[in-house]
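Residue-level structure breakdown
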2 protein chains.
Amino acid sequence: MKTFTFPPLGDSGASAKLVMATITIKDVAREANVSVASVSRALNGGSGVTAETGQRIRDVALRLRYIPHAAARMLITRRTNTIGALLPDLYGEFFSELIRGIDLAARAHGLHLLVSSSHDSSDDAAAALRAMQGRVDGILIMSAHVDDAFLRANLPEDLPTVLINSPVKDEAYRVINVDNYAGARAMTKHLIDTGHTDIAFIAGPKNNFDAQQRENGYRAAMAKYASKVAPVVLAGDFTEEAGFRAGQEILARKKRPNAVFAANDMMAVGCMHAFREAGVCVPQDIALAGFDDIPVARYVAPPLSTVRVRIVDLGRSALEAVATMLENPDHPTTAGPTFGCEIVVRETCGASSAPASHE
Amino acid sequence: MKTFTFPPLGDSGASAKLVMATITIKDVAREANVSVASVSRALNGGSGVTAETGQRIRDVALRLRYIPHAAARMLITRRTNTIGALLPDLYGEFFSELIRGIDLAARAHGLHLLVSSSHDSSDDAAAALRAMQGRVDGILIMSAHVDDAFLRANLPEDLPTVLINSPVKDEAYRVINVDNYAGARAMTKHLIDTGHTDIAFIAGPKNNFDAQQRENGYRAAMAKYASKVAPVVLAGDFTEEAGFRAGQEILARKKRPNAVFAANDMMAVGCMHAFREAGVCVPQDIALAGFDDIPVARYVAPPLSTVRVRIVDLGRSALEAVATMLENPDHPTTAGPTFGCEIVVRETCGASSAPASHE
DNA sequence: GGCGGGAACGTAAACGTTTTCATGGCTGCT
DNA sequence: AGCAGCCATGAAAACGTTTACGTTCCCGCC
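Fair warning: this is a prediction, and the values are worked out from it, not measured in the lab.

The two copies are related by a screw motion: chain B maps onto chain A through a turn of 180° and a shift of 0.0 Å along the axis, at an RMSD of 0.2 Å. Put plainly, the chains are arranged around a two-fold axis. The share of interface residues of chain B whose copies in chain A are also at the interface is 98%, consistent with both copies meeting through the same surface.

This next bit is on the protein's contact with DNA strand C. Close to DNA strand C lie 28 residues, the nearest being Ile25, Ser40 and Asn44 of chain A together with Ser35 and Ser38 of chain B. The share of sugar and phosphate among atoms of DNA strand C within 4 Å of the protein is 67%. Residue Arg78 of chain B places a side-chain N or O atom 3.3 Å away from a phosphate oxygen belonging to DNA strand C. Elements that contribute at least two residues to the surface near DNA strand C include exactly helix H2 (36-43) and helix H4 (70-77) of chain A together with helix H2 (36-43) and helix H4 (70-77) of chain B. With five residues, the single largest contributor to the surface near DNA strand C is H4 of chain A.

Once that is clear, we can look at the nonpolar core. In terms of nonpolar packing, the biggest core is built from 150 residues, with Leu140, Phe261 and Phe275 of chain A together with Leu140, Phe261 and Phe275 of chain B touching the most fellow members. Counting 38 residues, the second-largest nonpolar core is a separate cluster that includes Ala125, Met132, Val136 and Ile139 of chain B.

Here we come to the protein's contact with DNA strand D. By nearness alone, 27 residues border DNA strand D, and Ser35 of chain A together with Ile25, Ser40, Asn44 and Tyr66 of chain B come closest of all. Within 4 Å of the protein, the contacting atoms of DNA strand D are 67% sugar and phosphate, with bases supplying the remainder. For DNA strand D, a base nitrogen lies 3.0 Å from a polar atom in the side chain of Arg41 of chain A. Within the side chain of Tyr66 of chain B, one N or O atom sits 2.9 Å away from a phosphate oxygen of DNA strand D. Of all the elements in the fold, those that place two or more residues in the surface near DNA strand D are H2 and H4 of chain A together with H2 and H4 of chain B. Split by residue class, the surface near DNA strand D holds 13 nonpolar, 11 polar and three charged.

A word on the packing of aromatic side chains. Within a pair of aromatic rings, the relevant descriptors are the distance that separates the centres and the angle that separates the planes. Evaluation of the coordinates by the stated rule reveals four aromatic pairs over all chains. The interplanar angle of 80° and the centroid separation of 5.5 Å between the aromatic rings of Phe201 of chain A and Phe261 of chain A together place this pair among those described as edge-to-face. Taken as a pair, Phe201 of chain A in strand E6 (residues 199-202) and Phe261 of chain A in strand E8 (residues 259-262) lie far apart in primary sequence, 60 residues in all. Phe261 of chain A matches Phe201 of chain A in its accessibility class, with the two residues each being buried. Three or more aromatic residues joined by ring pairs form one cluster here, namely Phe201, Tyr218 and Phe261 of chain A. The ring of Phe291 of chain A carries Arg214 of chain A above its face, with NZ or CZ at 3.8 Å from the centroid. Looking at Lys189 of chain B, its charged tip hangs above the ring of Tyr225 of chain B, at a distance of 5.1 Å from the centre.

Rules behind the numbers
Residues numbered from 1 in each chain as written. Chains lettered and ligands numbered in written order. Predicted model: local features only at pLDDT ≥ 70, side-chain atom pairs only at ≥ 80, totals over all residues. Heavy atoms only, no water. Least-squares fit on C-alpha atoms with pLDDT ≥ 70 in both. Contact = heavy atoms within 4.5 Å. Near = heavy atom within 4 Å. Polar contact = N/O pair within 3.5 Å; in protein donor to acceptor, adjacent residues only side chain to side chain. Helix = DSSP H or I, 4+ residues; strand = E, 2+ residues; numbered from the N terminus. Core = buried A, V, L, I, M, F, W, Y, C linked by side-chain atoms within 4.5 Å. Buried < 20%, exposed > 50% of the residue type's maximum accessible area, 1.4 Å probe, protein only. Nonpolar A, V, L, I, M, F, W, Y, C, P; charged D, E, K, R; others polar. Phe/Tyr/Trp six-rings, centres within 6.5 Å; stacked < 30°, edge-to-face > 60°. Lys NZ or Arg CZ within 6 Å of the ring centre and 35° of its normal.

If you want it as structure tokens, here you go:
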């Protein structure tokens, strides 16, 4: 028989740490002279029980430091109060901001967060997805490896799912995308507006959805606002090295463009290094812009003009989408709004004449 | 009665997506003409069952897409196969690297990862900790708000716990610390060795454990290798602004030091801005060093010398520590080894004469 | 041929909740 | 006074597993 002798106040030192086998709802019930059903009612809804008994039960529970067994509750309730996040091997900054947004929203909704990151193959992702099965009520997926077929094969169809930055078209899935297209379009237009018409674009990985969208935005703006010049697109893969090589390539061209728009900041930084090495000045000799607004963008010299994505908000609204899906399961699967982004003008695009001051 | 009509191969299009109520171990048992006990044995240990029946059961399970109900298993097994990570509101880069390391190791051990980040008050952390109770087999804590009392009040004492970068001394808890002291000491010595004896130190937040250790390392090296000059310590709080102000303060001193060592990179960057604004050249006029090796460090001009912490490995070994603790519960609580770090010499300390090339 | 022993397998209990249903007491109305 | 109905409460089923314990069967040995 267990006996409970918790002092109502802080432990009296010596007597602390008795063995205390995990205490269950039964212990609380016995101690409060009620049935387990009443304890459950008092601790959950609160209804169906007298205010007086309810208080007594809560007191006992507190005194015994009772914590309901999560698994037992999951088993009967068929809810885990957990959502899973399947994330790729991401750039540090983006990753942490995204998680922060997701986590913030999750805690606000009383949900737990089960993460699985840095899987880099499709099989890997499938395994991770399977492993999450049954441990989560909903799932958040951001991965280059998912497409319709993958999802259909690895997801139980009744599991609320939200895709982040995914090319998946299927109406069955909720998708939240960053509006890469509009962002790239806006930045290209800005460059044109500030007098740069010969703009080269350093592309991202071929199979990357974001990268494609950005390139499309660039092409669209060029077609509309600088129809006289043909768009110039150089290959890249989002790495700094690729940007560096692209930069060298640009300098080697017989007709040098007067601006370069890189599909992400890392490549812009690499490109800037190439220019500096060759003694080409940014923005005087050539303007430069990136995409993402990673922190580094502010600290390179000169500070990089770029397109900012509110990553925290992206994560937050993704989680909120799953949350609403599982709050009203008769999901109308409202088509996800794309997520806006804004251009932030610093010095590399030559528009701002602000001094290199402490931003 | 449920009937199962799964085609052995890929769905034949039209017939896909029948309602398929979640299938349990009983369904598998019935379909394979065995008892649930045998199914359990076949799928888990594999022993206590004929090779033949075992195979048949596995086939059926696969065909039915059976996935054991995690909660039911947790309930009876009293293991969740999940470890929780309680993390503070961290700097982006550090955070993501740490998570990456933890996640990698977790997956290698077949463990899930329940994260809870960005809690910024002690109560907040306590709530998060309580919420994790019963959902995890072990826990990883990195937070400024934890001390012995906090842990004792909020942690069941039988829960394997590992503290990351914590000042907690209690032998009961496993602690893994970065060797901030040695790192700071080494960097200070390096500055002295390269001819800078008048070194000012920009401190971190007063209550921050890492910051204190770093300051101690600086003082120790000064005392040992530059005993003639008194250490100069300026207040800071790890923010760029603090570094900027400290930089101005340093320039205003009547006896200007010939080197500055900031307790982290962000402050070093801020300091550098102050110097640049004042027309003071780094490293010609004054040397500069930071701590952390955040990515920005490589991209500022000139690239920042700093002390690198292998964050991924830190996360990995922290998780591995919990993993071993729950593999052999008779934990001897081996005192955690502190985690080494290395100084990385770039240009701001004036030692390297390498050109500003593409690193 | 009897018997001991081990392996394969089934039965049922147990894990800690929530929830449905039944029961009893009380209130208020006729 | 009787009855309807509500409300607090308790008993028990259910959730899907694992596992201790029996039972059966077969094999080999005396």
